[in-house]
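# Remarks on the overall topology
Here is how the chains run, residue by residue.
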Amino acid sequence: MLPDNSKSHTRRKFINKVSAVTLGSMLFGSYANARQDKKREVMNTKRTAGKLGIALVGLGKYSGGQLAPALQETEHCFLAGIVTGTPEKAKDWKSKYDIPDGNIYNYENFASIKDNPAIDIIYVVLPNALHAEYVIKAAAAGKHVICEKPMAINVEECDRMIDACKKTGVMLSIGYRLHFEPHTQEMIRLSKDKVVGKVKKIIAKDGMSKVEGWRLNKALAGGGPLMDVGIYCVQGACYVSGMDPIAVKAKEGPKTKPEMFRDIEQSLSWEMEFPDGTIAACESSYAEDMNLLHVDAEKGWFELSPAYSYRGITGKTSEGKIDLPGVTQQAGQMDDFAMAIKDKRATPVPGEMGRRDLKILMAIYKAMDSGQRVEIS
Ligand code: NDP
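As a starting point, this report considers the structure included with it. Counting restarts for each chain: residues are numbered from 1 in the order of the written sequence. Predicted model: local features are reported for residues with pLDDT of at least 70 only, side-chain atom pairs are reported and counted for 80 or more only, and whole-chain, interface and lining totals are derived from all residues. Only heavy atoms go into the side-chain values, all of them from the structure, while hydrogens and water stay out.

## So, helix 5 (residues 155-168)
Rules: The helix and strand labels rest on DSSP assignments: H or I over at least four residues marks a helix, E over at least two residues marks a strand, and numbering proceeds from the N terminus. Between the first and last residue of a helix there are one fewer steps than residues, each counted as 1.5 Å, and that sum is the expected span. Residue exposure (1.4 Å probe, protein chains only): buried if accessible area is under 20% of the type maximum, exposed if over 50%, otherwise partly exposed. In what follows, residue pairs with any heavy atoms lying within 4.5 Å of each other are defined as contacts. The definition of a polar contact used here is a pair of N or O atoms within 3.5 Å, where within protein one atom must be able to donate a hydrogen and the other to accept one, and adjacent residues in sequence count solely through side-chain atom pairs.
Between its first and last C-alpha, helix 5 extends 20 Å over 14 residues, near the 20 Å set by a 1.5 Å rise per residue. Buried residues of helix 5: Val155, Glu157, Cys158, Met161, Ile162, Ala164 and Cys165, and no others. Against helix 4 (131-140), strand 5 (144-147), strand 6 (172-174) and helix 10 (351-370) lie the buried residues of helix 5. N-capping of helix 5 is provided by Asn154, with a side-chain oxygen placed 3.3 Å from the backbone N of Glu156. The positive-phi residue at the C-terminal boundary of helix 5 is Gly169, with phi of around 70 degrees.

Below you can see the structure in the form of structure tokens.
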């Protein structure tokens, strides 16, 4: 029988052996982790080299479903940071997109983003009534800004946003993704080059039958379908005609669900009158799915249907099909803004365009409420 001390000696040897193995694996583990971290750092540096860092503010459907995926395709900018009021989203996005803790903000500490050189651009993707506040805060932080459509809920807010950006010398752009979409660009070319003659009439319709949340709350949305999807008809009529309207007439549609649409319209139709006499007849609705941009010209017609979707935009003319590839519009839009910043050139979708559209939207509401033709100065 072995004396007790030799028993403990054996145990000690065993423990030492185990400790050595554990320590070895711990050391190897931390070495492997360090290598992993280094590898990730190198990959990240490669992925982000020379690109501008974008922080998305508000991680809702559009940020999560469209913008973050598009930022995996961009060549001149990347998803560097997030601003969210929901801690669980911060956790999910951090692991999904490899976002460092230092680039994760909430609405309370948002102002400290000014000290973060990794963030060059702040992209405001909040409910409409919060756009002005966060664009102005982003400008004060010295960051370039992209603001989602509609730019704000009234023209006065647009003025303050534009002024704030001018004051701190940052660029302001609106999330008008369709300007970077090939079928839309072809519609603009067909009109500008008078390929089937001069444009006589435009028909634009955009509506969706399912709506929920803040979009039904006037205080947050600023209005109903006109603010949300009708704005695409306003945009379509302006980019296809190449002009700004001089007057509008409008009529509210019936409310089939008055309890849901208490202080916003459920649907409306309106007309935009352009300086050369071209008329755009438009409709927007939260009761019906619609998606059309149709142009009648002197010798033929051209149209997109759907005209405003993220994918699957399809076009034809009186001469045949418009055969063009689909693109990730948001990637083109954000890359163009990043390049505009780098090249110190203007963005094709500036704050001033967002302001023009708010002016038109407000005139449409005035025409709808008064039943009168409203001139736009
Ligand atoms: P969601 O409701 O899906 O997301 C909005 C996010 O804003 C929320 O998830 C939340 O994010 C944050 N938020 C902060 N305060 C509030 C509040 N009081 N109420 C609700 N949300 C709040 O909206 P969308 O993503 O659909 O729309 C956001 C903006 O993007 C709108 O201006 C809309 O018009 C525009 N948009 C543009 C599109 C385009 O094609 N260009 C398409 C769709 C939308 P968090 O929890 O992270 O704080």
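## Looking at the pattern of salt bridges
Keep this limit in mind: The rule for a salt bridge is simple: a side-chain nitrogen of Lys or Arg has to be within 4 Å of a carboxyl oxygen of Asp or Glu.
Here the structure, examined in full by the defined rule, presents 20 salt bridges. Across the pair Arg160 and Glu156 runs a salt bridge, and its minimum N-O distance is 2.9 Å. Highlighted residues: Arg160 and Glu156, both in helix 5, separated by 4 residues, approximately one helical turn. By relative accessible area, which is 45% here, Glu156 ends up partly exposed. The partner of Lys205 in a salt bridge is Glu283, with the nearest N and O atoms 3.7 Å apart. Note that Lys205 is positioned in strand 7 (residues 199-207) and Glu283 in strand 10 (residues 279-285), a separation of 78 residues in sequence. Note on Lys205: relative accessible area 26%, which makes it partly exposed. The network of salt bridges with shared partners includes Lys149, Arg215 and Asp228.

## Overview of the site of the ligand
Going by this rule: It suffices for a single heavy atom of a residue to lie within 4 Å of a molecule or strand for the residue to be listed as near it. To be clear on the numbers: accessible area is Shrake-Rupley with a 1.4 Å probe, and residue cover counts the displayed protein chains and nothing else.
In the neighbourhood of the ligand, 25 residues make up the surrounding shell, with Thr84, Thr86, Lys89, Tyr107 and Arg177 lying closest. Within the side chain of Lys89, one N or O atom sits 2.6 Å away from an oxygen atom of the ligand. A distance of 2.8 Å separates an oxygen atom of the ligand from a polar atom in the backbone of Lys149. Coverage of the ligand by the protein amounts to 81% of the 900 Å² it exposes when considered alone. For the shell around the ligand, the secondary structure elements donating two or more residues are helix 2 (61-70) and helix 8 (225-241).

## Here's the deal with the side chain of Asp336
By the element assignment, Asp336 lies in helix 9 (residues 329-343). When its relative accessible area of 13% is taken as the criterion, Asp336 is described as buried.

## What about the nonpolar core?
To keep it simple, the criterion reads: In this description, a nonpolar core means a group of buried Ala, Val, Leu, Ile, Met, Phe, Trp, Tyr and Cys residues linked to one another through side-chain atoms lying within 4.5 Å.
The biggest cluster of nonpolar side chains holds 82 residues, and the ones touching the most others in it are Leu172, Trp270, Met272, Leu293, Tyr308 and Ile364. At 10 residues, helix 8 tops the list of elements feeding residues into this core. With residues up to four places along the chain from it excluded, the contact list for Ile364 reads Leu226, Val234, Val248, Ala250, Leu268 and Trp270. If you look at the next biggest cluster of nonpolar residues, it comprises 26 residues, including Leu56, Leu67, Ala70 and Ala340.

## Notes on the sheet that holds strand 12 (residues 300-304)
For clarity, the threshold we go by: Paired strands are those between which DSSP finds at least two bridges. Inter-axis angles, ranging from 0 to 180 degrees, are taken between N-to-C directions of lines fitted to C-alpha atoms, where helices are fitted over the stretch in contact.
Across the sheet, which stays open at both edges, the 9 strands sit in the order 14-13-12-11-7-10-9-8-15 with mixed pairing between neighbours. Edge strands, defined here as strands with exactly one partner in the open sheet, are strand 14 (320-322) and strand 15 (374-375). In terms of strand pairing, strand 12 meets strand 13 (residues 315-317) through 3 bridges, oriented antiparallel. Looking at the pairing, Phe302 lines up with Thr317 of strand 13. Of the strands in this sheet, strand 7, strand 11 (290-297), strand 12, strand 13 and strand 14 touch helix 6 (residues 182-192), which is tilted by about 160 degrees from strand 12.

## Considerations on the packing of aromatic side chains
Put simply, the rule reads: When the centres of two rings from Phe, Tyr and Trp lie within 6.5 Å, Trp using its six-membered ring, the rings pair. Their planes under 30 degrees apart give stacked, over 60 give edge-to-face, and anything left gives tilted. When the NZ atom of lysine or the CZ atom of arginine is within 6 Å of a ring's centre and also within 35 degrees of its normal, the charge is said to sit over that ring.
In total, this model carries 6 aromatic pairs according to the counting rule given. Each member of the aromatic cluster is reached from another via a ring pair, and the members are Tyr107, Phe110 and Tyr134. The lysine or arginine in question, Lys137, covers the ring of Tyr134, its NZ or CZ lying 4.7 Å from the ring centre.

## Some thoughts on unusual backbone geometry
In this chain, Lys149 is followed by Pro150 through a cis amide linkage whose omega measures -15 degrees. Structurally, Pro150 is set in the loop between strand 5 and helix 5. The residue after Ser305, namely Pro306, is reached through a cis peptide bond having omega 0 degrees. By secondary structure assignment, the location of Pro306 is in the loop between strand 12 and strand 13. Of note in the backbone geometry, Asp98 takes a positive phi value of approximately 55 degrees without being a glycine. Asp98 sits in the partly exposed class, given a relative accessible area of 31%.

Read these as spatial facts, not as claims about activity.
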